[in-house]
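# Survey of secondary and tertiary structure
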Amino acid sequence: MHHAAPTPDTPPTPRPPFDWDAVYRGDLRDIAAPDPLLLSPAESLPPGTALDMGCGAGGNALELARRGWRVTGVDLAPRAITGARAGACARGLAESIQWVVADSAVWRPDTGYDFVLSSYALPPRGPARTATLTALAAALAPGAVLSLGEWDEEACDWGEAGDLVTLDEMRTGLTGLGLEILHAERRRVPLHRHPGYEPHPGHELPPGHAPHPGHEPAPGHAPHPAEDHAVVVIARKPHDTLGTPR
């Protein structure tokens with residue numbers, strides 16, 4: 001393991017929050033290609049309602065809407081949502097997607113969704129991550145599916161302690177929230193691309209994220225790799241046969 005997980009006696013050292021809004025331009029150039037791996041569980045489901053938590057500029061949400069889903073996209077970066085909204089309008093999908101600027105650790109669903117997606121968007125380990133996982137589980141309607149991808153703490157050679165996740169942590173956390181694990185694996189996946197990002201002094205993308213392939217790294221910086229190690233978990237909320245509240 002590259003990073004020792006914090007314990008109750010050694011909590012993660014607080015750091016200034018990353019300025020995700022600086023990653024985006026707020027227009028169509030921000031929209032990245034959808035993630036076929038994390039969207040694949042939706043292919044076997046009839047189109048219904050979907051939640052994309054940490055949607056960025058909306059590449060996955062737009063693809064779900066194109067397939068006939070009614071989507072809610074949540075992200076804390078206002079410019080990401082501005083670009084996502086522009087993309088929905090340009091594709092004639094504005095009526096199919098509701099965009100929300102909110103922190104995943106604070107936002108709470110007011111309905112149940114048939115498919116929930118979390119694409120490399122969990123906060124660092126601690127109360128914010130716990131609150132986000134709780135919100136993801138609460139957002140699932142009975143029988144609904146969660147598709148979650150995060151960077152693998154046991155294989156990636158970057159990040160501070162608590163930034164990334166382990167497979168056991170995700171399995172334990174999600175089963176503790178009442179979900180059934182359908183599939184869980186560690187695997188290599190492409191880096192997240194931010195096609196609208198323009199490198200500028202004092203601001204760099206965090207590891208696991210990369211600009212458009214046409215952007216060369218700053219002098220003295222190593223080239224961005226094409227892939228890195230991830231944890232991917234597909235889970236389902238069981239049907240409540242006793243009829244107790246969600």
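Residues numbered from 1 in each chain as written. Predicted model: local features only at pLDDT ≥ 70, side-chain atom pairs only at ≥ 80, totals over all residues. Heavy atoms only, no water.

### Here we look at the sheet that holds strand β6 (residues 180-190)
One open sheet holds the seven strands; their spatial order is β3-β2-β1-β4-β5-β9-β6, and the pairing between them is mixed. Each end of this open sheet is capped by a strand with a single partner; those strands are β3 (97-101) and β6. Across this sheet, the average inter-strand angle for adjacent strands is 15°, counted without regard to direction. Running at roughly 160° to β3, helix α2 (residues 59-66) makes contact with β1 (49-53), β2 (70-75), β3 and β4 (113-119) of the sheet. Sheet strands in contact with helix α5 (residues 167-176) are β5 (140-151), β6 and β9 (227-236), and its direction is about 150° off that of β6. (Pairing = 2+ DSSP bridges. Helix = DSSP H or I, 4+ residues; strand = E, 2+ residues; numbered from the N terminus. Axes fitted to C-alpha atoms, helices over the stretch in contact; angles between N-to-C directions. Contact = heavy atoms within 4.5 Å.)

### Notes on unusual backbone geometry
Look at Y120: it is not a glycine, yet its phi comes out positive at around 55°. By secondary structure assignment, the location of Y120 is in the loop between β4 and α4 (127-138). By relative accessible area, Y120 is classed as buried at 8%. (Buried < 20%, exposed > 50% of the residue type's maximum accessible area, 1.4 Å probe, protein only.)

### A look at the nonpolar core
With 36 residues, the main nonpolar core has L64, V71, W99, F115 and W151 as its most contacted residues. For this core, the elements supplying multiple residues, two or more each, are α1 (36-39), α2, α3 (78-90), β3, β4, β5 and β9. Contact partners of V71, with chain neighbours within four places excluded, come to A50, A61, L64, A65, S96, I97 and Q98. The next biggest cluster of nonpolar side chains, apart from the first, holds 28 residues, and it includes A102, L136, A137 and A141. (Core = buried A, V, L, I, M, F, W, Y, C linked by side-chain atoms within 4.5 Å.)

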